[in-house]
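Survey of secondary and tertiary structure
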Amino acid sequence: MSQLVFIVFQDNDDSRYLAEAVMDDNPHAEMQHQPAMIRIQAEKRLVMNRETMEEKLGRDWDVQEMLINVISIGGNVDEDDDHFILEWK
Amino acid sequence: MAVQNKKLNLKDKYQYLTRDMGWEPTYQKKKDIFPDEDFEGIKITDWSQWEDPFRLTMDSYWKYQAEKEKKLYAIFDAFAQNNGHQNISDARYVNALKLFLTGVSPLEHAAFQGYAKTGRQFSGAGARVACQMQAIDELRHSQTQQHAMSHYNKHFNGLHDAAHMHDRVWFLSVPKSFFDDARTAGPFEFLTAISFSFEYVLTNLLFVPFMSGAAYNGDMATVTFGFSAQSDEARHMTLGLEVIKFILEQHEDNVPIVQRWIDKWFWRGFRLLSLVSMMMDYMLPNKVMSWSEAWEVYYEQNGGALFKDLERYGIRPPKYQDVANDAKHHLSHQLWTTFYQYSQATNFHTWIPEKEEMDWMSEKYPDTFDKYYRPRYEHLAKEAAAGRRFYNNTLPQLCQVCQVPTLFTEMGAPTKLSHRQLKYEGERYHFCSEACCEIFEHEPEKYIQAWLPVHQIYQGNCEGADVETVVQKYYHINIGEDNFEYLGSPDHKRWLSIKGVKPADEDKNAA
């Protein structure tokens, strides 16, 4: 059985960079646009890297800044200073 | 000597915030300080195993929450200043907000109270901090929702007395009793009920597709509070999953207790969310996603992945999930046809879906809508056109557990009413389903105390014996303004005048 993890962002200016970074770091992910939101799902695992985001934004970025734009998530969370990971093991 | 000023990383910061805030009591017994921690039979051997994956410390909590609030209130101001209510798709949409404000927002407040109380019960500092933050979040949700909808209250009916209605109106006893049931349980059951079964497994259905639908119907204020609240929910959901894993990892004796709670609270939540099914399919004039599609994505797919993950602990999917999965084809239609008949006793309006909407439902519900539900609407439309708009004057039989009228049908038999009954200490009790009946059988002493609105009316506890008196005096629903059919209602007329269309009855007067 397929086991998808997912993250949903508000569709706004910050999230466009977030979504781009997630898609760069997770080539197996699928992005869906729905009114006012961007939903990204992937088999088993999605990772969000601070480094990729900082490159996209051209500034320092704290992983927890994501909390402002995220709407929902599915999967076990593993967060530290450098990444935010959602996964089913 | 040089002072090293090394910045703490997230894990260390969180460690300092939680673990080191807890201490072993010396002059009081732990049992006296946390008296409710073990009566449910849950065994915790080591609280230090508690992991909070978000590791949010107070300084970042306030920083990010303040930023969310600033964004949110800037949008509320813009919405109000620019008369945003004039730009929604159709005034019928506002009826979903009336249900939200009276049915959902008071639950946010109940959640605030629930987490504040429950957090006090745990001897583990990590769990106490997580509950405390969630309590503050829930209070924020209750407040921001009231602020967002206060603008609509200036322009539409039915939004004027939400807290009062929540405590009294017949269908609002469904959400109210759900949370009262959770809050009167022990601390671990409360977390399993609300953090896990409700927040993790089910709330996405309300706060993601419905809110996206609000955006699609031009309601900037609601989608913004919805998503702003849900950004807190992402933390709450993670907490819900961690709570379950923590309890299950602590002791194998916990597994059957947790399984029973998951079975119960999945079902209780599913029954509560039947209100959302109707909001999505019937109360959003511009459609985004049907209830059955939302159920497939957010329960069958995501819930499926979750319960597969929990298999390793010996947890199986909720006992009655097959009944819930089957019901996705019927739920919203059965509920809306019921509310249509009882609009004389609601603070919102109902209506027969327009032709395009019915066609959309035929497409989304190919096996059920045309066969079972379209003919009912065609009949009701004919009656209404002949001047006999149907209102049901018989008060409905309510389920003793979920308090929804016994309106649902059996799995696989959509014309057969689902009903169970049993006798307990000489009294007969009625249920909407096998699942609710089973919940009762496990805790009869709790559910025989249920405050069932219909029984209360018949017992004379609601200021009168006839519907009109109860609705007006006891519920504070303004007759002829808040209730009855949408077409021709004051809301409808107001909307036509906003849109520059002459109300139909003024045309008649002119002619």
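Computed from a predicted structure; not experimentally measured.

When its secondary structure is counted, chain B shows 23 helices and four strands. Relative to a compact globule of 511 residues, whose C-alpha radius of gyration would be 24 Å, chain B shows 24 Å and is just as compact. With respect to the three principal axes, the spread of C-alpha positions in chain B is 95 × 60 × 45 Å. Relative to its full complement of 511 residues, chain B shows a buried share of 59%. The contacts in chain B between residues at least 6 apart in sequence include a share of 78% that link residues at least 24 apart.

Our next topic: the sheet that holds strand 2 (residues 30–34) of chain A. The antiparallel open sheet is built from four strands, whose spatial order is 2-3-1-5 (chain A). Two strands lie at the open edges of the sheet, namely strand 2 and strand 5 (70–74) of chain A, each paired on one side alone. Strand-to-strand twist across the sheet, computed as the mean angle between neighbouring axes with direction ignored, equals 15°. Sheet topology note: the strand 1 (residues 4–10) of chain A/strand 5 of chain A ladder contains four bridges and is antiparallel. Residue pairing for strand 5 of chain A: Phe9 of chain A is matched across the bridge by Val70 of chain A. On the sheet, helix 10 (residues 204–216) of chain B packs against strand 1, strand 2, strand 3 (37–43) and strand 5 of chain A and is oriented at approximately 135° with respect to strand 5 of chain A.

Enumeration over the complete set of coordinates arrives at 44 aromatic pairs over all chains. Relative to Tyr320 of chain B, the ring of Trp267 of chain B has its centre 6.0 Å away and its plane inclined at 65°; by these criteria the two rings are edge-to-face. Remark: Tyr320 of chain B occurs in the loop between helix 13 (291–310) and helix 14 (321–327) and Trp267 of chain B occurs in helix 12 (residues 254–282); sequence separation between them is 53 residues. Neither Trp267 of chain B nor Tyr320 of chain B differs from the other in exposure class; each is buried. Ring centres 6.0 Å apart and planes at 50° place the aromatic pair Tyr282 of chain B and Tyr377 of chain B in the tilted group. Here the residue Tyr282 of chain B occupies a position in helix 12, and Tyr377 of chain B occupies one in helix 17 (residues 369–385), the gap between them amounting to 95 residues. Neither residue differs from the other here; Tyr282 of chain B and Tyr377 of chain B are each classed as buried. Every member of this aromatic cluster is reached through a ring pair, and the members are Phe266, Trp267, Phe270, Trp291, Trp295, Tyr299 and Tyr320 of chain B. Arg39 of chain A extends its terminal NZ or CZ atom over the ring of Phe6 of chain A, reaching a point 4.6 Å from the ring centre. Above the plane of the ring of Phe408 of chain B lies Arg271 of chain B, whose end atom (NZ or CZ) is 3.8 Å from the centre.

Listed as interface residues are 34 residues of chain A and, on the opposing side, 41 residues of chain B. Roughly 3200 Å² of surface becomes buried between chain A and chain B when both sides are summed, with 58% attributable to carbon and sulfur atoms. When the area that chain A buries against chain B is broken down by residue, the three leading residues are Gln64, Leu67 and Ile68 of chain A, summing to 19%. Between the two partners, chain A and chain B, sit zero salt bridges. The tally of links from chain A across to chain B stands at 10 residue pairs in polar contact (both at pLDDT 80 or more).

In this structure, Ile7 and Phe84 of chain A together with Phe100, Phe196 and Met283 of chain B are the most contacted members of the largest nonpolar core, which totals 184 residues. The element best represented in this core is helix 12 of chain B, accounting for 16 residues. Sequence-distant contacts of Met283 of chain B, that is, excluding residues within four places in its chain, are made with Arg92, Tyr93, Asn95, Ala96, Leu99, Met278, Trp336, Phe348 and Trp351 of chain B.

Moving on, we come to the pattern of salt bridges. All names here are of chain B. Scanning all chains against the criterion turns up 44 salt bridges over all chains. Residue Lys176 is joined to Asp180 by a salt bridge in which the shortest nitrogen-to-oxygen separation is 3.8 Å. On the criterion of helical spacing, the pair formed by Lys176 and Asp180 is a turn pair, its members being four residues apart in helix 8 (residues 173–183). Using a relative accessible area of 24% as the deciding quantity, one classes Lys176 as partly exposed. On the basis of relative accessibility, which here comes to 26%, the residue Asp180 falls in the partly exposed class.

Attention now goes to unusual backbone geometry. Both trends apply: most residues other than glycine have a negative phi, and most peptide bonds are in trans. The phi angle at Lys44 of chain A is positive, at roughly 65°, despite the residue not being glycine. Relative to the helices and strands, Lys44 of chain A is located in the loop between strand 3 and strand 4 (45–49). For Lys44 of chain A, a relative accessible area of 29% corresponds to the partly exposed category. Positive phi, close to 65°, is recorded for Glu463 of chain B, a residue that is not glycine. Among the structural elements, Glu463 of chain B can be located in the loop between helix 20 (453–458) and helix 21 (467–474). Accessibility expressed as a relative area gives 43% for Glu463 of chain B, which makes it partly exposed.

What follows is about the packing of helix 10 of chain B against helix 12 of chain B. Residues and elements named next belong to chain B. For the pair helix 10 and helix 12, interaxial distance at closest approach is 10 Å and the crossing angle is 10°. Taken together, the axes of helix 10 and helix 12 lie roughly parallel to each other. For the pair formed by helix 10 and helix 12, the contact residues are Leu205, Leu206, Pro209 and Phe210 on the first element and Leu273, Val276, Met279 and Met280 on the second. Classifying every residue of the contact of helix 10 with helix 12 by side-chain character gives eight nonpolar, no polar and no charged.

Moving on, we get to the packing of helix 5 (residues 105–119) of chain B against helix 6 (residues 125–153) of chain B. All names here are of chain B. Packing of helix 5 against helix 6 leaves a shortest axis separation of 8 Å and a crossing angle of 160°. Classified by the angle between their axes, helix 5 and helix 6 sit roughly antiparallel to one another. Classified by chirality, the crossing of helix 6 by helix 5 is left-handed. From helix 5, Ser105, Glu108, His109, Ala111, Phe112, Tyr115, Ala116 and Gly119 reach across to helix 6, where they touch Arg128, Cys131, Gln134, Ala135, Glu138, Leu139, His141, Ser142, Gln145 and Met149.

Okay, the pairing of strand 3 (residues 420–424) of chain B next. Bridge count for strand 3 of chain B against strand 4 (residues 427–431) of chain B is five bridges, and the pairing is antiparallel. Bridge pairing in strand 4 of chain B links Gln421 of chain B to His430 of chain B.

We now examine the state of the cysteines. All names here are of chain B. Summed over all chains, the structure comprises zero disulfides over all chains. Free of any disulfide, Cys462 has its nearest neighbouring cysteine sulfur in Cys399, separated by 19 Å. Take Cys462: its relative accessible area is 1%, and that puts it in the buried class.

Reading guide: rules and limits
- Residues numbered from 1 in each chain as written.
- Chains lettered and ligands numbered in written order.
- Predicted model: local features only at pLDDT ≥ 70, side-chain atom pairs only at ≥ 80, totals over all residues.
- Heavy atoms only, no water.
- Helix = DSSP H or I, 4+ residues; strand = E, 2+ residues; numbered from the N terminus.
- Rg over C-alpha atoms; globule rule 2.2 N^0.38 Å.
- Buried < 20%, exposed > 50% of the residue type's maximum accessible area, 1.4 Å probe, protein only.
- Contact = heavy atoms within 4.5 Å.
- Pairing = 2+ DSSP bridges.
- Axes fitted to C-alpha atoms, helices over the stretch in contact; angles between N-to-C directions.
- Phe/Tyr/Trp six-rings, centres within 6.5 Å; stacked < 30°, edge-to-face > 60°.
- Lys NZ or Arg CZ within 6 Å of the ring centre and 35° of its normal.
- Buried area = accessible area lost by both parts, 1.4 Å probe.
- Salt bridge = Lys/Arg side-chain N within 4 Å of Asp/Glu carboxyl O.
- Polar contact = N/O pair within 3.5 Å; in protein donor to acceptor, adjacent residues only side chain to side chain.
- Core = buried A, V, L, I, M, F, W, Y, C linked by side-chain atoms within 4.5 Å.
- Parallel < 35°, antiparallel > 145°, perpendicular 65-115°, else oblique.
- Nonpolar A, V, L, I, M, F, W, Y, C, P; charged D, E, K, R; others polar.
- Left-handed = near helix turned anticlockwise from the far one by under 90°.
- Disulfide = S-S within 2.5 Å.

Purely geometric numbers; function is a separate question.
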